[in-house]
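Structure assessment
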Amino acid sequence: MEEERHTEAKIGAETGRGSSPRGPGCSLRHFACEQNLLSRPDGSASFLQGDTSVLAGVYGPAEVKVSKEIFNKATLEVILRPKIGLPGVAEKNRERLIRNTCEAVVLGTLHPRTSITVVLQVVSDAGSGAQLLACCLNAACMALVDAGVPMRALFCGVTCALDSDGTLVLDPTSKREKEARAVLTFALDNVERKLLMSSTKGLFSDAELQQCLAAAQAASQHVFRFYRESLQRRYSKS
Amino acid sequence: MSKVRWRNRRAGEERRRRRRAGGKMAAGFKTVEPLEYYRRFLKENCRPDGRELGEFRTTTVNIGSISTADGSALVKLGNTTVICGVKAEFAAPPTDAPDKGYVVPNVDLPPLCSSRFRSGPPGEEAQVASQFIADVIENSQIIQKEDLCISPGKLAWVLYCDLICLDYDGNILDACTFALLAALKNVQLPEVTINGETALAEVNLKKKSYLNIRTHPVATSFAVFDDTLLIVDPTGEEEHLATGTLTIVMDEEGKLCCLHKPGGSGLTGAKLQDCMSRAVTRHKEVKKLMDEVIKSIKPK
């Protein structure tokens, strides 16, 4: 019986600049992760980022319906439940983005004709769409690791917002997100920091995109270091 | 015809002749090992239909074909056919934005276009495409919603844009974006005045005006193969074999309205840069085509 491992990370530089509590481009808000908290799923994780929190459970590799079975690899399914109300088109869209990201990293060919289901439940959501997607990606990755699903890389979600004057803010608060000219969410892998998934809102130029991507790649280092630390802490005692 | 275009045409014909010579054996190999069959072509830097890796299929557009709609356009990208019809109706503006109208897009993938779609509620692909078009409209500000308001707080236009796919052969997002843009350019709204005494709307069908289209977003889709190769405008088979897709929506100033990469193999920043430059050239091609078509329409 594995004990719960609760790990927290406070990463960020409080530079004491007037209006914003953090310096430009270098810091993410407080995030925390808890693994193996549910008894039924094969793997589960809860990821808290700022004021957004998502609970993820993974079932798999398990039995698959004959209609959905793929002969040479595992069928991946993602179900995302919002905090309130019934799932709608926005949830379907996010499910597809998360599913395609997971399909790119999970080694499905090792488990043909099986199904791997990732269920995500939004626990708290400050009204931000892009931040929620990044948090869901992180929770899904941690849950897949907890379930022991073979993967070729880990992935993480990073959000950045562009203000009307062009300033880049990583991991924006929901207020900042609403006022921003453009909000970009990226999913990056940890082997070569390649771009796995991108979902954008608003208008931005090519140069700004490259700038955001570079900043996101730098920020993803912090997230991956946090993954490594939390897993080390979990497996070192047992 | 310019020399370069003549040479490319000959090269395309050569490849097509070589492919036809393969004949029965090639068809068998294609069924058994589709990915290997495809890789043989990619090694020669071309594709089974004779196109280069960066070449689009022939694009044709027909504007104003539906007379009962306020604006319509039919776009054919190779075999992929999408028709867009725009209907304008009255509605009360939203309470939190009393000076704005609505633009409501809906993408329908009926069982007619491909055997993989069944009748019934919209499947995932149709919902994702609808969401994508809604995002493009929202992000690119193609129409200022304030232009659709007739009387603040009381009456506004709502434009229902219905996109129906008639033939699905890959690259549905590019075709839908182009069809939507062409149809919106074709929309003519009648003049509406509010009668001061009766407070009813009076529609003058004789006086119609075109919509004010502020930007021209054009979508360019790519498919990623074997984590390294990028090909433009994938067909249905290519999409099935691809390990990832990427769609870039760009407007005329080079600003991006949407970078849609729903998972799939990773891409480096340098590869993204190449895609951007291809998207810029595609924008010019599409803009030129549309301007020609609009000019050729006789005014109603």
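Just so you know, the residues in each chain are numbered from 1, in the order the chain's sequence is written. Whichever chain is written first is A, and whichever ligand is written first is 1; the rest continue in order. Selection of residues for local features in this predicted model requires a pLDDT of at least 70, selection of side-chain atom pairs for listing and counting requires 80 or more, and totals for whole chains, interfaces and linings are taken over all residues. Only hydrogens and water are removed before side-chain values are computed, so all heavy atoms of the structure are retained for them.

- Under an unreviewed UniProt entry, the name given to chain B is Exosome complex component RRP43, and the source organism is Callithrix jacchus.
- UniProt positions are given in the numbering used here, feature names are shortened, and annotations may be inferred rather than shown by experiment. Looking at the Sequence similarities (unreviewed entry) heading of the UniProt record, one finds this comment for chain B: "Belongs to the RNase PH family."

- Labelled according to an unreviewed UniProt entry, chain A appears under the name Exosome complex component RRP46, originating from Callithrix jacchus.
- In its Sequence similarities (unreviewed entry) section, UniProt records this for chain A: "Belongs to the RNase PH family."

Describing the nonpolar core
- Side-chain atoms within 4.5 Å are what join buried Ala, Val, Leu, Ile, Met, Phe, Trp, Tyr and Cys residues into a set we call a nonpolar core. Buried means the residue's accessible area, taken with a 1.4 Å probe over protein chains only, is under 20% of the maximum for its type, while exposed means over 50%, and partly exposed covers the values in between. With 81 residues, the main nonpolar core has F47, I98, L120, L144, F186 and Y227 of chain A together with I248 of chain B as its most contacted residues.
- Note on conventions: DSSP H or I runs of at least 4 residues are helices, E runs of at least 2 residues are strands, and numbering of each starts at the N terminus. For this core, the leading source of residues is helix α2 (residues 129–147) of chain A, giving 13 residues.
- Not counting chain neighbours up to four residues away, the residues in contact with I98 of chain A comprise V78, L120, L133, C136, L137 and A140 of chain A.
- Core analysis: the second largest hydrophobic core is formed by 52 residues, C161, A179, L181 and V187 of chain B among them. The contact definition used throughout considers only heavy atoms, calling two residues in contact when any of these lie within 4.5 Å.

Quick notes on the packing of α2 of chain A against helix α4 (residues 206–237) of chain A
All names here are of chain A.
- Where α2 contacts α4, the two axes come as close as 12 Å, and the packing angle between them is 30 degrees. The handedness of the crossing between α2 and α4 comes out as right-handed. Seen from α2, the contacting residues are N138, C141, M142, V145 and D146; seen from α4, they are V223, Y227, S230, L231 and R234.
- Partitioned by chemical class, the residues of the contact of α2 with α4 number 6 nonpolar, 2 polar and 2 charged. Fitted lines through C-alpha atoms serve as axes, helices being fitted only where they are in contact, and the angles separating the N-to-C directions of these axes extend from 0 to 180 degrees. Here a crossing is taken to be left-handed if its near helix is turned anticlockwise relative to the far helix by less than a right angle, and right-handed if that turn runs clockwise. Asp, Glu, Lys and Arg are counted as charged, while Ala, Val, Leu, Ile, Met, Phe, Trp, Tyr, Cys and Pro are counted as nonpolar; the rest, among them Gly, fall into the polar class.

Here we look at the UniProt feature "domain: Exoribonuclease phosphorolytic" (unreviewed entry) in chain B
All names here are of chain B.
- Taking the numbering used here, the UniProt-annotated feature "domain: Exoribonuclease phosphorolytic" (unreviewed entry) corresponds to residues 55–190 and 217–280.
- The span residues 55–190 is 24% helical and 37% strand by assignment, and the distance between its end C-alpha atoms comes to 41 Å.
- Between the end C-alpha atoms of residues 217–280 there is a gap of 11 Å, over a span that is 28% helix and 39% strand.

Some points on unusual backbone geometry
Residues and elements named next belong to chain A.
- Going from G60 to P61, the amide bond is cis rather than trans, its omega being -10 degrees.
- The residue P61 is located in strand β4 (residues 52–62) in this model.
- Positive phi outside glycine occurs at N36, with the angle close to 55 degrees.
- You can see N36 is positioned in the loop between β2 (31–35) and β3 (43–49).
- Accessibility expressed as a relative area gives 23% for N36, which makes it partly exposed.

Overview of the sheet that holds strand β11 (residues 244–250) of chain B
- Read across the sheet, 5 strands follow the order β11(A)-β12(B)-β11(B)-β9(B)-β10(B) without closing on themselves; strand pairing throughout is antiparallel. The sheet is open, and its two borders are formed by β11 (204–205) of chain A together with β10 (229–232) of chain B, each paired with just one other strand.
- Where β11 of chain A and strand β12 (residues 255–260) of chain B come together, 2 bridges link them in antiparallel fashion. Of the residues in β12 of chain B, the one forming a bridge with S205 of chain A is K255 of chain B. Any two strands between which DSSP finds at least two bridges are classified as paired.

A look at the packing of aromatic side chains
- What counts as a ring pair is set by centres within 6.5 Å for rings of Phe, Tyr and Trp (its six-membered ring), and what kind of pair is set by the plane angle: stacked under 30 degrees, edge-to-face over 60, tilted for all other angles. Under the definition given, this model contains 9 aromatic pairs over all chains.
- Each ring, one from F31 of chain A and one from F226 of chain A, has its centre 4.9 Å from the other, and the planes form 70 degrees; the classification is edge-to-face. Of this pair, F31 of chain A sits in strand β2 while F226 of chain A sits in helix α4, placing them 195 residues apart in sequence.
- Taking the centre distance of 5.2 Å and the plane angle of 70 degrees together, the rings of Y37 of chain B and F41 of chain B count as edge-to-face. With a gap of 4 residues between them, Y37 of chain B and F41 of chain B both fall in helix α2 (residues 34–43), about one helical turn apart.

Topic: the sheet that holds strand β8 (residues 168–170) of chain A
All names here are of chain A.
- Strand order in this open sheet of 4 strands is β8-β7-β9-β10, and the pairing throughout is antiparallel. The two strands at the open ends of the sheet, each matched to only one other strand, are β8 and β10 (195–202). Ignoring strand direction, the axes of neighbouring strands in this sheet form an average angle of 20 degrees.
- As judged from the 3 bridges shared by strand β7 (residues 155–162) and β8, these two strands associate in the antiparallel manner. When the bridges of β8 are listed, A161 appears paired with V169.

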